[in-house]
Amino acid sequence: MTADEPTILATSAGFRRGRYGLFDLRVGPIHHFAAELANAGETAKICFLHQAIGDPVDYIGATYAAFARTRYRASHLQLFPMPNHDDIRAHLLDQDVIWVNGGSVANLVAVWRVHGIEEILHEAWQAGVVLGGVSAGSICWHQGGSTDSFGPELRAFTDGLGWLPYSNGVHYDAEEQRRPMMHKLIGDGTLGDGYATDDGAGLVYRGTRLAEVVADAEGPRGYELRRAADGSVTETPLPTRVLDY
């Protein structure tokens with residue numbers, strides 16, 4: 001099954017944390033929603049990409065453990081130290097959902113380009129495979145955003161895939177630097193107009209059009225960010241639907 005039209009779910013939402021430490025993960029409402037967007041139901045094929053944190057085996061294992069509690073058919077694409085699939089294109093095009101986890105968006109996009117993943121993901125998107133992700137896995141589809149890829153002080157990232165012709169701000173309510181940095185970068189023209197998400201919120205794009213904002217709980221919002229002629233930035237909260245999974 002595939003989405004009705006090319007679909008990207010760009011979020012600041014992901015796994016829920018369990019009681020037993022860093023690697024005790026639970027599938028989140030946003031993952032269920034991604035399967036719904038793909039018209040694939042509870043047995044959706046979901047492939048995870050962890051290149052933004054270097055494909056650590058412990059986190060890959062935790063992902064499989066989380067999905068073992070569901071009927072979803074989980075897989076992963078690993079690029080460190082080498083690809084784990086002989087035919088990457090065939091594997092990715094066979095998925096219902098491709099989900100990209102967070103980390104360094106600069107490293108993520110660079111590694112994808114070395115391996116030709118950018119072209120394969122674009123083909124999958126156009127074929128109706130739902131592309132989704134959190135944090136770096138949200139910024140990557142856009143022109144760029146603010147990032148800690150280069151150190152703890154946020155900087156501009158302007159080398160995104162650019163399929164979505166907007167800037168993208170993540171963790172908007174959760175990290176002190178995020179909101180003012182997005183205003184600065186849009187205001188001075190480093191980034192174009194765009195959208196931002198609080199932790200727990202996600203942006204649904206149909207083609208390149210923002211179709212809906214969703215959240216995995218009450219409270220998180222999405223925002224539209226627009227630069228005025230004088231360089232000021234207008235931030236408009238967007239209607240946000242709470243997912244009921």
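A brief report on the enclosed structure follows. (Residues numbered from 1 in each chain as written. Predicted model: local features only at pLDDT ≥ 70, side-chain atom pairs only at ≥ 80, totals over all residues. Heavy atoms only, no water.)

Describing the layout of surface pockets
The test is simple: Here the term cavity refers to a set of points on a 1 Å grid, laid over the protein atoms alone, in which a 1.4 Å probe fits but cannot get out; the term pocket refers to an open set having protein on both sides within 12 Å along at least five of seven lines, with lining residues being those that place an atom within 4 Å of a point. Grid points are joined across faces, edges and corners, and a volume is the space filled by probe spheres set on the points. Classification used: nonpolar for Ala, Val, Leu, Ile, Met, Phe, Trp, Tyr, Cys and Pro, charged for Asp, Glu, Lys and Arg, polar for all others including Gly.
In this structure, the largest pocket occupies an estimated 360 Å³ of space. Around the largest pocket sit 21 residues that line it, and R17, Y59, N101, G102 and V134 are the ones nearest its centre. The residue makeup of the lining of the largest pocket, split by class, is nine nonpolar, nine polar and three charged.

Topic: the packing of aromatic side chains
Stated precisely, the cut-off is as follows: Under the pairing criterion, centres of Phe, Tyr and Trp rings, with the six-membered ring standing for Trp, must be within 6.5 Å; the plane angle then separates stacked pairs below 30 degrees from edge-to-face pairs above 60, leaving the rest tilted. For helices the rule is a DSSP run of H or I covering at least 4 residues; for strands it is a run of E covering at least 2, with both sets numbered from the N terminus onward. The cut-offs for exposure are 20% and 50% of the maximum accessible area for each residue type, with area from a 1.4 Å probe on protein chains only; residues under the lower value are buried, those over the upper are exposed, and the others partly exposed.
Within the structure shown, the criterion is met by twelve aromatic pairs. With centroids separated by 5.2 Å and ring planes inclined at 45°, the aromatic side chains of Y172 and Y223 adopt a geometry described as tilted. Note that Y172 is positioned in the loop between β10 (164-169) and α7 (178-187) and Y223 in strand β14 (residues 222-227), a separation of 51 residues in sequence. We note that Y172, like Y223, is buried.

Some details on the packing of helix α4 (residues 105-115) against helix α5 (residues 117-127)
What counts is decided by this rule: Helix axes are fitted to C-alpha atoms over the stretch in contact, other axes to C-alpha atoms as well, and angles between N-to-C directions run from 0 to 180 degrees. Between 65 and 115 degrees an angle is taken as roughly perpendicular, under 35 as roughly parallel, over 145 as roughly antiparallel, and anywhere else as oblique. Whether two residues touch is decided by their heavy atoms; if any such pair falls within 4.5 Å, the residues are in contact.
Two elements in contact, α4 and α5, have axes whose closest approach is 5 Å; the angle formed by their N-to-C orientations is 90°. One element, α4, and the other, α5, form an angle in the roughly perpendicular class. Only I117, E118 and L121 of α5 make contact with α4, whose side of the interface consists of W112, R113 and H115. Here the contact of α4 with α5 is built from residues that sort into three nonpolar, one polar and two charged.

Looking at the pattern of salt bridges
The condition that has to hold: Only one rule defines a salt bridge in this text: a Lys or Arg side-chain nitrogen within 4 Å of an Asp or Glu carboxyl oxygen.
A full pass over the atoms with the stated rule returns 14 salt bridges. Residue D94 pairs with K45 through a salt bridge whose shortest N-O separation is 3.1 Å. Of this pair, D94 sits in the loop between α3 (88-93) and β6 (97-100) while K45 sits in strand β4 (residues 45-49); the two residues are 49 residues apart in sequence, bridging distant segments of the chain. Two residues, K184 and D188, come together in a salt bridge whose shortest N-O distance is 3.5 Å. Taking the relative accessible area as the measure of exposure, K184 reaches 48% and is therefore partly exposed. By sharing partners, the salt bridges in this structure join D24, R26 and R69 into a single network.

A few points about the nonpolar core
Applicable threshold: Think of a nonpolar core as a cluster: buried Ala, Val, Leu, Ile, Met, Phe, Trp, Tyr and Cys residues, connected wherever their side-chain atoms sit within 4.5 Å.
Of all hydrophobic cores here, the largest spans 40 residues; its most connected members are I8, L92, W112, L121, W141 and Y205. With six residues, the top contributor of residues to this core is α4. When neighbours within four sequence positions are excluded, Y205 is seen to be in contact with P6, T7, I8, A10, H142, L164, Y166, Y195, L210 and A211. Grouped together as the second largest cluster of nonpolar side chains are 28 residues, A3, L25, A44 and A62 included.

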